[in-house]
Amino acid sequence: MTLLSRLALPGLLLAVASGANAAAFQNWEEDAAGLGVAHAGSAAEAGSAASLYYNPASMAHLDGVQFSVGMSGLRPRVEFNNKGSTGPGLGSGDGGDAGRWLALPNASMSWRLNSDLALGIGITRPFGLDLDYDDGWLGQVQAQRSQISTVNVNPAIAYRVNERVALGFGLNYQTIDLDFSRAGQRLKGDDGSWGWNAGALFTLSPNMRVGVSYRSAIEHRLDGHGTHANITLPETAILSVWQRLSDRWEAMGDLSYTRWSRLKRLNFIESGASLASEPFHYGNSWRLAWGAVYRVSDASRFKFGIAYERSPVGNHSRTARTPDNASLRLSVGWQWLIGALGRFDIGYSYQLMKDAKITQIRDGNLLRGDMDNGVHVVGAQYSQGF
């Protein structure tokens, strides 16, 4: 088998299932070290304590005490181009660039108790949204500010059944804060609820691993000032492959599925009556990623990756709050091994998005046009073992 065909193998194994991403306001940047390979191989790579988010079984492959701390920054570009909006409540102007920097810190630790048992904990922000249009813009009736923030605390355990199979399980306590505003109305709520995640890691040979994992949906009841609303953040399943091809090359692939169809509408209730309703009507989505790592020297590695991400937001469900579309992510990164001081990773990716058509009617006002979108992502992570 040639090196080229072996580099492509993880992607080909996953491509038979086809598909793309779970976009909307889900974040994949829970391990900043994975940014350089577009988070390919996330459930099989087992490179640091941060991998427990994608697959808790990965801790069974980590020695001693390991910890990771990282930060990713997302900067979306969201610009509206008007094409015939009408209605009595229209403002003026296209709203400017509604994108804002979104910070996604992550911190994780794992502890290998013995040859077969490991414990760990991770703190991440798996869902997030922050869009803010210019005051009084054309779509002020549809949306002004849209903000969702989550924090997920994930204690987990991993057990090595034998040399080929490891299993993992974790609990998740997740908090959410939501703040939606539009002309004449502001809706706020927060909550904390529980979920779980589980995974398995199969070592097919010293040079190849396959990982599968599942992260449950979490149901939240948002409580505000005399109001409440129910929202379910979706479950995600991942299939990953990691392969060492030679002394210089590693390749990895990822196929993930997110059940966004759980999220149809957000209804805010006050005193038993409906106060406001925010439409979603999402479909389920897929994500397909492939990446590779090249060892430049004993102390440094170059990373690159690509991911196709199909948004759950379609032309009939797109709103000014979540105006994204299918995208292609291109990623590069670099890793330095600094001996006893640990490991340092940096990465960058850009998501190229198709123009997204929007036709949203609210209170007799029609918002019609195209959304010009794209996302810059930068990240850095430090990992250490003892």
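Residues numbered from 1 in each chain as written. Predicted model: local features only at pLDDT ≥ 70, side-chain atom pairs only at ≥ 80, totals over all residues. Heavy atoms only, no water.

To continue, consider the overall build of the chain. Summing up its helical and strand segments, the chain has 1 helix and 20 strands in all. What you see for the chain is a C-alpha radius of gyration of 21 Å, in line with the 21 Å of a compact globule of 386 residues. With the C-alpha coordinates of the chain rotated into their principal frame, the extents come out at 65 × 45 × 35 Å. Taking all 386 residues of the chain together, 55% fall into the buried category. Pairs at least 24 apart in sequence give 69% of the contacts found in the chain among residues at least 6 apart. Surface summary for the chain: the accessible area is close to 15,500 Å², and the carbon and sulfur share equals 59%. Mean positive and mean negative side-chain charge positions of the chain (35 and 34 charges, respectively) differ by 5 Å. (Helix = DSSP H or I, 4+ residues; strand = E, 2+ residues; numbered from the N terminus. Rg over C-alpha atoms; globule rule 2.2 N^0.38 Å. Buried < 20%, exposed > 50% of the residue type's maximum accessible area, 1.4 Å probe, protein only. Contact = heavy atoms within 4.5 Å. Areas by Shrake-Rupley, 256 points an atom, 1.4 Å probe, with all protein chains shown as cover. Lys, Arg positive; Asp, Glu negative; His and termini not counted. Charge placed at Lys NZ, Arg CZ, Asp CG, Glu CD.)

The subject of this paragraph is the confidence of the model for the chain. Predicted coordinates in areas of low pLDDT are best not read in detail. Mean pLDDT over the chain: 91, with 94% of residues reaching 70 or higher. Between residues 2-22, whose pLDDT stays under 50, and residues either more than four places distant or in other chains, the model counts 60 contacts. (pLDDT = per-residue confidence, 0-100.)

Summed over the entire model, instances satisfying the criterion amount to 20 salt bridges. Among the salt bridges present, the one from Arg-329 reaches Glu-309, with a minimum N-O distance of 3.0 Å. With Arg-329 in strand β17 (residues 327-337) and Glu-309 in strand β16 (residues 300-309), this residue pair connects regions lying 20 residues apart in the sequence. What makes Glu-309 buried here is its relative accessible area of 2%. Shared partners join several salt bridges into a network, and the residues in it are Glu-29, Arg-287, Glu-309 and Arg-329. (Salt bridge = Lys/Arg side-chain N within 4 Å of Asp/Glu carboxyl O.)

Bringing the layout of surface pockets into the picture now. Taken as a whole, the largest pocket encloses approximately 550 Å³ of empty space. Take the lining of the largest pocket: its biggest share by element is 3 residues, from strand β12 (residues 249-258). Classifying every residue of the lining of the largest pocket gives 9 nonpolar, 8 polar and 11 charged. (1 Å grid on protein atoms, 1.4 Å probe; cavity = no way out; pocket = protein on both sides within 12 Å on 5 of 7 lines; lining within 4 Å. Points joined across faces, edges and corners; volume = space filled by probe spheres on them. Nonpolar A, V, L, I, M, F, W, Y, C, P; charged D, E, K, R; others polar.)

Within the secondary structure layout, Met-71 lies in strand β1 (residues 65-82). Looking at Met-71, the relative accessible area reads 41%, which means it is partly exposed. Put simply, Met-71 and Leu-90 are 19 residues apart on the chain and 39 Å apart in space, counted from C-alpha to C-alpha. Apart from the residues within four sequence positions on either side, Met-71 is in contact with Ala-32, Ala-103, Leu-104, Pro-105, Asn-106, Val-378, Gly-379 and Ala-380.

Okay, the side chain of Asn-197 next. Summarising the element assignment, Asn-197 is placed in strand β7 (residues 185-205). Looking at Asn-197, its side chain comes within polar contact range of the side chain of Asn-172, at 3.0 Å. Beyond its immediate stretch of four places on either side in the chain, Asn-197 contacts Leu-52, Tyr-53, Pro-56, Asn-154, Gly-168, Phe-169, Gly-170, Leu-171, Asn-172, Tyr-214 and Arg-215. (Polar contact = N/O pair within 3.5 Å; in protein donor to acceptor, adjacent residues only side chain to side chain.)

We now examine the pairing of strand β19 (residues 356-362). Burial along β19 is one-sided: Ala-356, Ile-358, Gln-360 and Arg-362 are buried, while Lys-357, Thr-359 and Ile-361, pointing the other way, are not. The sheet contact formed by β19 and strand β20 (residues 365-385) spans 7 bridges and is antiparallel. Across the sheet, residue Ile-361 finds its bridge partner in β20, namely Leu-366. Turn length for the β19-β20 hairpin, with the two strands adjacent in sequence and antiparallel, is 2 residues, and the turn residue Asp-363 shows positive phi of about 50°. (Pairing = 2+ DSSP bridges.)

Tracing the chain through its elements places Asp-254 in strand β12. Measuring from C-alpha to C-alpha, the distance between Asp-254 and Asn-81 comes to 35 Å, with 173 residues separating the pair along the chain. A polar side-chain atom of Asp-254 sits 3.0 Å from the main-chain amide nitrogen of Gly-41.

For the rest of this paragraph, the subject is empty space enclosed by the protein. Inspection of every chain in the model, using the stated rule, returns 2 cavities of 30 Å³ or more. Computed from the structure, the largest cavity encloses a volume of approximately 420 Å³. Forming the walls of the largest cavity are 30 residues, and the residues nearest its centre are Ala-24, Leu-74, Pro-76, Met-353 and Val-375. Roughly 180 Å³ of volume is contained in the second largest cavity. Around the second largest cavity, the lining comprises 20 residues; the ones closest to its centre are Gln-26, Tyr-53, Arg-215, Pro-234 and Thr-236.

Time to look at the packing of aromatic side chains. Counted according to the given criterion, the structure contains 21 aromatic pairs. Plain terms: the ring middles of Phe-302 and Trp-334 are 5.8 Å apart, the flat faces sit at 55° to each other, and that makes the pair tilted. Taken together, the positions of Phe-302 in strand β16 and Trp-334 in strand β17 put the pair 32 residues apart, joining distant regions of the chain. Owing to a relative accessible area of 27%, Trp-334 belongs among the partly exposed residues under this scheme. By way of ring pairs, the aromatic residues Trp-249, Trp-290, Tyr-294, Phe-302, Phe-304, Trp-334, Trp-336 and Phe-344 are connected into one cluster. A cation over an aromatic ring shows up here: Arg-287 above the ring of Trp-28, its NZ or CZ 4.9 Å from the ring centre. (Phe/Tyr/Trp six-rings, centres within 6.5 Å; stacked < 30°, edge-to-face > 60°. Lys NZ or Arg CZ within 6 Å of the ring centre and 35° of its normal.)

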